[in-house]
Amino acid sequence: MAFSAKDVQALRETTGAGMMDCKKALTETDGDMQKAIEFLREKGMAVAAKKAGRIAAEGIVYADVCDECGVGAIVEVNSETDFVAKNESFVKFVEDVCDVVSMDDPVSVEKLLECEYPESEMNVGEMLREKVLTIGENLQIRRFERYAEGFNVAYVHMGGKIGVLVNLEVSGISDMTKVKELGRDICMQIAAMRPMWLDRSASDPSVIEKEKEILMAQALQEGKPQNVAEKMVAGRINKYFEENCLVDQAFVKENKTSVCQHVESVAKELGGTIKIRKFVRFEKGEGLEKRDDNFADEVAKMTK
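Residues numbered from 1 in each chain as written. Predicted model: local features only at pLDDT ≥ 70, side-chain atom pairs only at ≥ 80, totals over all residues. Heavy atoms only, no water.

For the overall build of the protein, give the residues involved together with the corresponding values.
Along its length, the protein carries 12 helices and eight strands. Counting every position in the protein, which comprises 304 residues, the buried fraction comes to 42%. Of all intrachain contacts in the protein linking residues separated by at least 6 positions in sequence, the fraction that spans at least 24 positions is 63%. About 17100 Å² of surface is accessible on the protein, with carbon and sulfur atoms providing 50% of the total. (Helix = DSSP H or I, 4+ residues; strand = E, 2+ residues; numbered from the N terminus. Buried < 20%, exposed > 50% of the residue type's maximum accessible area, 1.4 Å probe, protein only. Contact = heavy atoms within 4.5 Å. Areas by Shrake-Rupley, 256 points an atom, 1.4 Å probe, with all protein chains shown as cover.)

Set out below in structure tokens:
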């Protein structure tokens, strides 16, 4: 029994399986839709369901800025192994997903999955399932961020281990090449120094209070009187801000000046003003449970 492209699409919509798997199922069952569904459930879909439950904490962080519209986007897509993160097909998928975030401005990962995938009849979610089946690992789009206003600069470190997107407010400057160089330096600063916040006003009060409690306990354990301990805590909290607020950090290329002072110096040199408005830093797999693989055990299983 022959089958058409519409039959393939209908089977995909019914089962959620990849396009190639649907074609194979219809071929194997001579175009019988019901048998094809059963085929996929027994073969492909069972495999996909099994993969979906496996830990995906490797992958890639990718960030980019559109040359035409200036919109910046950053996305993290996870895989099970670092080996797959070097797969050209996977890398292209991550880059395409970043483009979709930039163009379509989805409000959540769920809405991103519904967006049309570039140069395809599939949406992002369908293409994700396709990649799971063709690549053979659980893949997950974990998170993304998008900056539309201002001047954006993106940076990807160590082949996708870390990605940074910085948003600048610039006025009175015509040479944006220098601004882009500054933005890249700031991105590298963020990648290396892991600032928690832009400045002190953006800090989390609960985190600061907890830090004060710890520092006070340490000072009292050192035998300091209460009034002396309070002064010590004030000084140490100031140091804590300098380490964790981007604008207060020592600039990595010239540690005798802060990031804020460096930005002001570059802006003055260019005859205008530059302000860091916000930034986002994604590190691959941060906060996720990692796979605990034992390579010797895996080899032993394969040889039995």
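Read on for the rest.
Give a detailed account of the sheet that holds strand β2 (residues 72-78), specifying residues and quantitative values.
If you walk across this open sheet you meet the three strands as β1-β2-β3, and the pairing is antiparallel. Edge positions in the sheet fall to β1 (60-65) and β3 (140-147), since each has one partner strand and no second. Each strand axis lies, on average, 10° off the axis of its neighbour in the sheet, ignoring direction. Bridging between β1 and β2 involves six bridges; their strand directions are antiparallel. (Pairing = 2+ DSSP bridges. Axes fitted to C-alpha atoms, helices over the stretch in contact; angles between N-to-C directions.)

So, the packing of helix α8 (residues 176-193) against helix α11 (residues 259-270): which residues are in play, and what are the values?
Put simply, α8 and α11 touch, their axes get as near as 11 Å, and they point 175° apart. With respect to each other, α8 and α11 are oriented roughly antiparallel. Contact with α8, carried on its side by Lys178, Val179, Leu182, Ile186 and Gln189, involves Val259, His262, Val263, Val266 and Leu270 of α11 and no other residues of that element. (Parallel < 35°, antiparallel > 145°, perpendicular 65-115°, else oblique.)

Before we move on, could you go through the pattern of salt bridges and cite the residues and values that matter?
Taken as a whole, this structure holds 17 salt bridges when the rule is applied. In this structure, the salt-bridge partner of Glu283 is Arg194, at a minimum N-O distance of 3.0 Å. A residue pair is termed long-range when its members are at least 10 positions apart, and Glu283 in strand β8 (residues 273-283) and Arg194 in the loop between α8 and α9 (205-221) qualify at 89 residues. For the salt bridge of Glu283 with Arg281, the shortest nitrogen-to-oxygen distance reads 3.1 Å. The exposure class assigned to Glu283 is buried, which follows from its relative accessible area of 12%. By relative accessible area, Arg281 is classed as buried at 13%. (Salt bridge = Lys/Arg side-chain N within 4 Å of Asp/Glu carboxyl O.)

Run through the packing of helix α5 (residues 88-104) against helix α7 (residues 124-135), naming residues and quoting values.
Remark: α5 packs on α7, axes separated minimally by 11 Å, with the N-to-C direction vectors making an angle of 170°. Between α5 and α7, the crossing angle belongs to the class labelled roughly antiparallel. Contact residues: α5 offers Ser89, Phe90, Phe93, Val97 and Val100, while α7 offers Val124, Met127, Leu128, Lys131 and Ile135.

Tell me about the pairing of β1, and please be specific about residues and values.
In terms of burial, β1 is largely enclosed, as five of its six residues are buried. Where β1 hands over to β2, the hairpin turn is made up of six residues, of which Gly70 adopts a positive phi near 80°.

Tell me about the environment of Gln34, and please be specific about residues and values.
By the element assignment, Gln34 lies in helix α3 (residues 33-42). Taking the relative accessible area as the measure of exposure, Gln34 reaches 47% and is therefore partly exposed. Along the primary structure Gln34 and Leu11 are separated by 23 residues, whereas in three dimensions their C-alpha atoms are 9.2 Å apart.

Any details on the packing of aromatic side chains? Residues and values, ideally.
All told, the structure shown has two aromatic pairs when counted by the stated rule. Taking the centre distance of 5.9 Å and the plane angle of 15° together, the rings of Phe93 and Tyr117 count as stacked. With Phe93 in helix α5 and Tyr117 in the loop between α6 (109-114) and α7, this pair connects stretches of sequence that are 24 residues apart. What makes Phe93 buried here is its relative accessible area of 1%. (Phe/Tyr/Trp six-rings, centres within 6.5 Å; stacked < 30°, edge-to-face > 60°.)

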